[in-house]
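Survey of secondary and tertiary structure
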Amino acid sequence: MRLGTEGVIPVSVPPHATSGPDTAIDENRLEQLIIEAQTALPVELPALANRCASSLGLDTALIYLVDLQQRLLIPLDEALEPLPVDLSSAGWAYRTVSPRLAEADDGLILWMPLVDGAERLGVLAVRTASLDRIRMRRTRMLAHLLAMLITSKRAYSDWLAARTRTATMQLPAEMLRAFLPPRTIGSTRCVSTAMMEPAYDIAGDAFDHSVVKNILHTMILDAMGHDLTAGLTTSVAMAAARNARRGGGHLADVVGSVDRALAQWLPDQFCTGVLCRLDAETGVLRWVNCGHPPPLLIRAERVLAGALDSPPQPPIGLAGPLAPAARQVHETTLEPGDCVLLYTDGVVEARDADGSEFGLDRFTDFIIRSNAAGQRPAEVLRLLIHAILDYQRNQLRDDLTILLFEWRPQHR
């Protein structure tokens, strides 16, 4: 399949186009392929995708996964070249999480997003001589199946991890990324998404988010230093927070667990951070700010200045007389459509060649404009982090991490 000469055409499926030579599926063959998929090696996925496509009456199928910085869509077929996320039909499908039909030298290509829940993994390219409702539905089914396979296998596959890298990963970043959750998680009621840079040399920053029943937990951390010890500090902090959450601890318990873990195991280290707990049923938000820039509340396309400010509290992990007696938990109630933004100081302190800061106003304005333009939260952060990198000409002076979550209870 040649992909370099494609022309985009609208995805228009005739409403009554439900018949054709491929309406019957060999269910036995398809069942065999699904069983085979459970034990297939990750490197066997490209061939497996083609066999599944054939069983569904489709032509060839190609899997593309997004790289770590979300600039390229990298084919699992190592003989093919990557495609740009920003300047291709494949990238359009990835950015918008919508199918995209394109003309190619050898027929039609249907680009279908590969999504695991709220997390964008990449795209699936399916070649077909024509497109009707049956082929569209089967392509969607195939994309769902492959997304689940990729998600299950990338947890233990060094090949998949290496395939989506475009540079050498430094040791602190390797260690830290082993602890990170997916970039984006969520449900119909709330979504949380995060980005980190420098992607291959991150050390002191980290984020975490998790869903426990109807509760969304989010956290952002910024450890002292930029070395392996800084990465170890945030890794221990994340492990302690998860341990307390999974043990049924409330927000104050979670922060206390992190405080004690760092004081015990890394007594010379500390980190700043914000930990949040959002009830996706009621919109009640609780948070603890430990020496970190305050979260920002965006409502109706504007920042509500000071809405999530709170009295200063010490960083996490201070031992002895510097340790806080108790952490203060703050509470407010969000309105439908509200966005909460957590960030590390490397974001707003980014400077251009003349020394001008990127700044908080530019930072929030970018998010508001992108959100107003209908961009999904994950795409908003992808565009923002690239804008900050371009502003600094990819010469970062500090780690930067952004986490954005939104509450949309009307999307039930």
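This structure is a prediction, so every number in the text was calculated from the model and none was measured.

1. Notes on the sheet that holds strand S9 (residues 190-197)
The six strands are arranged S8-S9-S18-S17-S14-S15 in an open sheet whose pairing can be described as antiparallel. On the outer flanks of this sheet lie strand S8 (184-186) and strand S15 (302-303), each paired with one strand and no other. As defined by bridge partners, strand S17 (residues 339-343) adjoins strand S18 (residues 400-407) across five bridges and the pair is classed as antiparallel. Paired with Leu342 across the bridge in S18 is Leu403. The strands that helix H11 (residues 377-391) touches are S8, S9 and S18; relative to S18, the one it contacts most, it runs at about 155°.

2. Notes on the nonpolar core
The nonpolar side chains of a soluble globular protein tend to be buried, and buried together. Ranked by size, the top nonpolar core spans 51 residues in total, and within it Leu278, Leu285, Ile316, Val340 and Phe405 carry the most contacts. Setting aside residues up to four positions removed in sequence, Ile316 forms contacts with Leu221, Val258, Asp259, Leu262, Phe270, Cys271, Gly273, Leu275, Cys290 and Arg327. Among the nonpolar cores identified, the runner-up in size contains 33 residues, and Leu48, Leu58, Met112 and Leu114 belong to it.

3. Considerations on the pairing of strand S6 (residues 107-116)
A regular strand places its side chains on the two faces of the sheet in alternate fashion. For S6, the tally of buried residues reaches seven of 10 residues, placing the bulk of the element in the interior. Here five bridges tie strand S5 (residues 100-104) to S6, and the two strands are oriented antiparallel to one another. Looking at the pairing, Ala102 lines up with Ile109 of S6. Counting the residues that bridge the hairpin from S5 to S6 gives two residues. In this structure, S6 lies alongside strand S7 (residues 119-128), joined through nine bridges in antiparallel fashion. Bridge pairing links Met112 to Leu124 in S7.

4. Looking at the packing of helix H1 (residues 27-39) against helix H4 (residues 133-154)
The geometry of H1 relative to H4 is characterised by a closest axis approach of 10 Å and an angle of 20° between their N-to-C directions. In terms of orientation, H1 lies roughly parallel with respect to H4. The crossing of H1 and H4 is right-handed. In contact with Ile34, Ala37, Gln38 and Thr39 of H1, H4 contributes Leu145, Leu149 and Lys153.

Cut-offs applied
- Per chain, residues are indexed from 1 in the order of the written sequence.
- pLDDT decides what is reported in this predicted model: residues at 70 or higher carry local features, side-chain atom pairs at 80 or more are listed and counted, and totals for whole chains, interfaces and linings draw on all residues regardless.
- Here the side-chain values reflect all heavy atoms present in the structure, with hydrogen atoms and water set aside.
- Strand pairing is assigned whenever DSSP identifies at least 2 bridges connecting the two strands.
- The helix count covers DSSP runs of H or I at least four residues long, the strand count covers runs of E at least two residues long, and both are numbered beginning at the N terminus.
- Whether two residues are in contact is decided by their heavy atoms: any pair within 4.5 Å suffices.
- Under this scheme, a helix contributes an axis fitted over its contacting stretch, all axes are lines through C-alpha atoms, and angles between N-to-C directions fall in the 0 to 180 degree range.
- Within this scheme, the nonpolar core is defined by two criteria: the residues are buried Ala, Val, Leu, Ile, Met, Phe, Trp, Tyr or Cys, and they are joined through side-chain atoms within 4.5 Å.
- Residue exposure (1.4 Å probe, protein chains only): buried if accessible area is under 20% of the type maximum, exposed if over 50%, otherwise partly exposed.
- In this scheme, roughly parallel covers angles under 35 degrees and roughly antiparallel covers those over 145, while 65 to 115 is roughly perpendicular and the rest are oblique.
- What makes a crossing left-handed is the near helix being turned counterclockwise from the far one by less than a right angle; a clockwise turn instead makes it right-handed.

Spatial relationships are all this shows, so hold off on functional conclusions.
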